[in-house]
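Chain by chain, the residues:
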Amino acid sequence: MNAQNLNIEFPKSFVLGKQNFLKAQEFVPVKIFNDDGYLIENNPGISKEKEFISNNIRDFNSNDVKQIYFEIYWDVNSKDGEDLNIVVMEFISEKELQENLKTVKLFSPVYLVLGKYCIAIDGNNDNLIRTIALFYQEKIGAKYYLPKY
């Protein structure tokens, strides 16, 4: 199954929205990002800024990433400030994504792929990460990427 067959629209197809499994999650306020030196207007949001992209993706060459869509949450019930990050990378091409995947060595974050898109899900709550991964598998047909050793 590829992204073209599903009429994938970036970022619309990747938006989680207010799912029941996110009831304890709130978006991290934009002010916090801007206090850290990032110039973003929205969370969730889209960025084509190379510095922001390189600081928010792991394992990949940011020059091969056209843009990212992100949703960054924190758990309102957590005293430890547990967080959850979803970053969808749109690569220049499916070929570029496949080349970049060869460099992935870790199982964290969890990566799912579909066409020229890679979804990275990272956080402190393994059950929530699995639930989100299943959501993307069922909604758009994304597939887990398992690193090769």
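Residues numbered from 1 in each chain as written. Predicted model: local features only at pLDDT ≥ 70, side-chain atom pairs only at ≥ 80, totals over all residues. Heavy atoms only, no water.

## A word on helix H3 (residues 94-101)
And step 1. For H3, every residue scored as buried is listed here: Leu 97, Asn 100 and Leu 101. The buried residues of H3 occupy one face: seen down the axis, they fall within an arc of 100°.
And step 2. For H3, the secondary structure elements touched by its buried residues are strand E4 (83-91), strand E5 (110-114), strand E6 (117-123) and strand E7 (143-145). (Buried < 20%, exposed > 50% of the residue type's maximum accessible area, 1.4 Å probe, protein only. Helix = DSSP H or I, 4+ residues; strand = E, 2+ residues; numbered from the N terminus. Arc of directions from axis to C-beta. Contact = heavy atoms within 4.5 Å.)

## Some remarks on the pairing of E4
And step 1. The element E4 is largely enclosed, with a buried count of eight among its nine residues.
And step 2. In this sheet, E4 lies alongside strand E3 (residues 65-75) in antiparallel orientation, the contact comprising nine bridges. Within the sheet, the bridge partner assigned to Tyr 69 lies in E4 and is Val 88.
And step 3. Where E4 lies against E6, seven bridges are found, and the strand directions are antiparallel. Directly across from Asn 85, in E6, lies its bridge partner Asp 122. (Pairing = 2+ DSSP bridges.)

## Looking at the pairing of E5
And step 1. Among the five residues of E5, five are classified as buried, and the element is accordingly described as predominantly covered.
And step 2. Across the two faces of E5 the burial is the same, with Val 110, Leu 112 and Leu 114 and Tyr 111 and Val 113 all buried.
And step 3. Note that E5 and E6 share five bridges and pair antiparallel. Across the sheet, residue Tyr 111 finds its bridge partner in E6, namely Ala 120.
And step 4. Once E5 ends, the chain turns through two residues before running back antiparallel as E6, passing Gly 115 with a positive phi of about 60°.
And step 5. Across three bridges, the pairing between E5 and E7 is antiparallel. Among the inter-strand pairings, Tyr 111 is bridged to a residue of E7, identified as Tyr 145.

## Points about the pattern of salt bridges
And step 1. By the definition in use, this model includes four salt bridges.
And step 2. Put simply, Lys 66 and Glu 90 hold a salt bridge, and the shortest N to O gap is 3.8 Å. Here the residue Lys 66 occupies a position in strand E3, and Glu 90 occupies one in strand E4, the gap between them amounting to 24 residues.
And step 3. Taking relative accessible area as the criterion, Lys 66 reaches 43% and is therefore assigned partly exposed.
And step 4. Judged by its relative accessible area of 4%, Glu 90 is buried. (Salt bridge = Lys/Arg side-chain N within 4 Å of Asp/Glu carboxyl O.)

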